[in-house]
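Inside the fold
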Amino acid sequence: MAYQNILLQEENNILTITINRPDQLNALNKQTIEELNKALSLADVNPSVRVIIITGSGEKAFVAGADIKEFAAFSIEEGRMLSRAGHKLLFDFVENMSKPVIAAVNGFALGGGLELAMSAHVRVASDNAKMGLPEVSLGVIPGYGGTQRLAQLVGKGKAMEMIATAGMMNAADALQWGLVNYVVPQADLLTTCKDLATKMSKNSPVAIAAAYRSILSGYKNGVNGFESEIAEFGKCFGTADFKEGTTAFIEKRKPSFTGN
Ligand code: COA
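To start, this report covers the structure provided alongside it.

Reading guide: rules and limits
Residues numbered from 1 in each chain as written. Predicted model: local features only at pLDDT ≥ 70, side-chain atom pairs only at ≥ 80, totals over all residues. Heavy atoms only, no water. Buried < 20%, exposed > 50% of the residue type's maximum accessible area, 1.4 Å probe, protein only. Helix = DSSP H or I, 4+ residues; strand = E, 2+ residues; numbered from the N terminus. Pairing = 2+ DSSP bridges. 1 Å grid on protein atoms, 1.4 Å probe; cavity = no way out; pocket = protein on both sides within 12 Å on 5 of 7 lines; lining within 4 Å. Points joined across faces, edges and corners; volume = space filled by probe spheres on them. Nonpolar A, V, L, I, M, F, W, Y, C, P; charged D, E, K, R; others polar. Contact = heavy atoms within 4.5 Å. Expected span 1.5 Å × (residues − 1). Near = heavy atom within 4 Å. Polar contact = N/O pair within 3.5 Å; in protein donor to acceptor, adjacent residues only side chain to side chain. Areas by Shrake-Rupley, 256 points an atom, 1.4 Å probe, with all protein chains shown as cover. Axes fitted to C-alpha atoms, helices over the stretch in contact; angles between N-to-C directions.

Quick look at the pairing of strand β3 (residues 51–56)
- Burial of β3 is extensive: 6 of the 6 residues sit out of reach of the surface.
- Every second residue of β3 is oriented toward a common face, with Val-51, Ile-53 and Thr-55 on one face and Ile-52, Ile-54 and Gly-56 on the other, all of them buried.
- Pairing of β3 with strand β5 (residues 101–105) involves 4 bridges; the strand directions are parallel. Bridge pairing in β5 links Ile-52 to Val-101.

Next up, the structure:
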């Protein structure tokens, strides 16, 4: 598939996806969400891809939100469908991917942009990044998981404040609040993300996927995360990666994981 709004680059088992609508500050319109879904779906089942980095084109914005121009005239039902489709195609999809997704936040991450970054498993921000959920300033609420994931990451009190003020957080505050894992100069952003991705890519893909399923299960209603952990832990013992990892340790060599 030829993509209009995203660029893909795969190197050393790391797929970098760049959202490429810089003149619209990489705002997420329907087509971009569909293209991201397609690229991520293919990456999820491609064994040569072990880690995915998502970033924005240019130096100004990661993603400045959902495309306001596209939804400004929507009805109640269209609004609900927009939110539901977004959850399914992109935001839940990213969070539930079987391989780590790193958001390289290279500038404004607002609304759907911050929601996309929060769906990723790890966030690294450049020092010029600004993050916020300004939806209530438009008369709407975060609809791509923001009301849930912001509270999970920074706590309920700060999420209540950020959402109601529609305020923006700078990178240093985001780091202090645990919204991002690291802040680095913009010039070092992709290198830092690739270094992290390289470390992840050397470990067992099946074990990482199992660990992520276990972590995420703790955030689901009615699911006991500890029980999920016990089940996932047990399943690891039946994998080739477990055999390889433990054998390599005993033989005092580096493991070579196949992801099986
Ligand atoms: N949806 C659609 N278009 C957007 C957009 C969005 N979320 N964010 C930015 N753009 C467009 C602008 O309309 C403008 O397009 P135009 O040149 O065709 O008019 C272009 O991107 C550049 O944005 P501009 O506002 O001129 O840049 P700025 O430097 O003055 O301001 C922001 C940058 C990020 C502060 C400002 O663009 C903004 O507030 N964007 C909306 C953020 C938001 O509310 N997101 C949540 C959406 S639910």
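Describing the layout of surface pockets
- The space that makes up the largest pocket amounts to roughly 520 Å³.
- Lining the largest pocket are 24 residues; nearest its centre among them are Phe-71, Leu-82, Glu-135, Val-140 and Ile-141.
- For the lining of the largest pocket, the secondary structure elements donating two or more residues are α2 (68–71), α3 (76–95) and α4 (112–119).
- Counting residues per element, the lining of the largest pocket draws most heavily on α3, which supplies 4 residues.

Side note on empty space enclosed by the protein
- The full count for this structure, using the stated rule, is 1 cavity of 30 Å³ or more.
- Counted as a void, the largest cavity has a volume near 50 Å³.
- Contributing to the lining of the largest cavity are Arg-50, Ser-98, Lys-99, Pro-100, Met-200, Ser-201, Asn-203, Pro-205 and Ile-208.
- Where the lining of the largest cavity is concerned, the elements lending two or more residues are α8 (189–201) and α9 (205–217).
- Looking at the lining of the largest cavity, its residues break down into 4 nonpolar, 3 polar and 2 charged.

Details of unusual backbone geometry
- The phi torsion at Asn-13 lies on the positive side, around 70°, for a residue other than glycine.
- The residue Asn-13 is located in the loop between β1 (6–11) and β2 (14–19) in this model.
- A residue is classified by how much of its surface remains accessible, and Asn-13, at 34% relative accessible area, is partly exposed.
- Unlike most non-glycine residues, Lys-252 shows phi in positive territory, near 55°.

Looking at the environment of Thr-55
- Inspection of the secondary structure assignment puts Thr-55 in strand β3.
- Given the relative accessible area of 5%, Thr-55 is considered buried.
- Sequence separation between Thr-55 and Gln-9 is 46 residues, and the spatial gap between their C-alpha atoms is 12 Å.
- Among residues more than four places away in sequence, those in contact with Thr-55 are Thr-16, Ile-17, Thr-18, Ile-19, Phe-62, Ala-104, Asn-106 and Leu-190.

So, α9
- Its 13 residues give α9 an end-to-end C-alpha distance of 18 Å, which sits within 8% of 18 Å, the value for a rise of 1.5 Å per residue.
- For α9, the full list of buried residues reads Ile-208, Ala-209, Ala-210, Tyr-212, Ser-214, Leu-216 and Ser-217.
- Packed against the buried residues of α9 are α3, α8 and α10 (225–236).

Describing the site of the ligand
- In the vicinity of the ligand there are 16 residues, among which Lys-60, Ala-64, Ala-66, Ile-68 and Lys-69 approach most closely.
- A distance of 3.2 Å is found between an oxygen atom of the ligand and a side-chain nitrogen or oxygen belonging to Gln-24.
- Starting from 870 Å² of accessible surface for the ligand in isolation, the protein chains cover 62%.
- Only α2 and β6 (108–110) provide two or more residues apiece to the shell around the ligand.
- Of the residues belonging to the shell around the ligand, the class tally is 9 nonpolar, 2 polar and 5 charged.

Points about the sheet that holds strand β9 (residues 168–170)
- Pairing within the open sheet is mixed, and its 4 strands lie in the order β4-β6-β8-β9. Looking along the sheet, the strands with just one partner apiece sit at the ends: β4 (61–63) and β9. Within the sheet, the average angular offset between the axes of one strand and its neighbour, ignoring direction, is 20°.
- For β4 and β6, the ladder comprises 2 bridges, and the chain directions are parallel. Bridging across to β6, Val-63 finds its partner in Ala-109.

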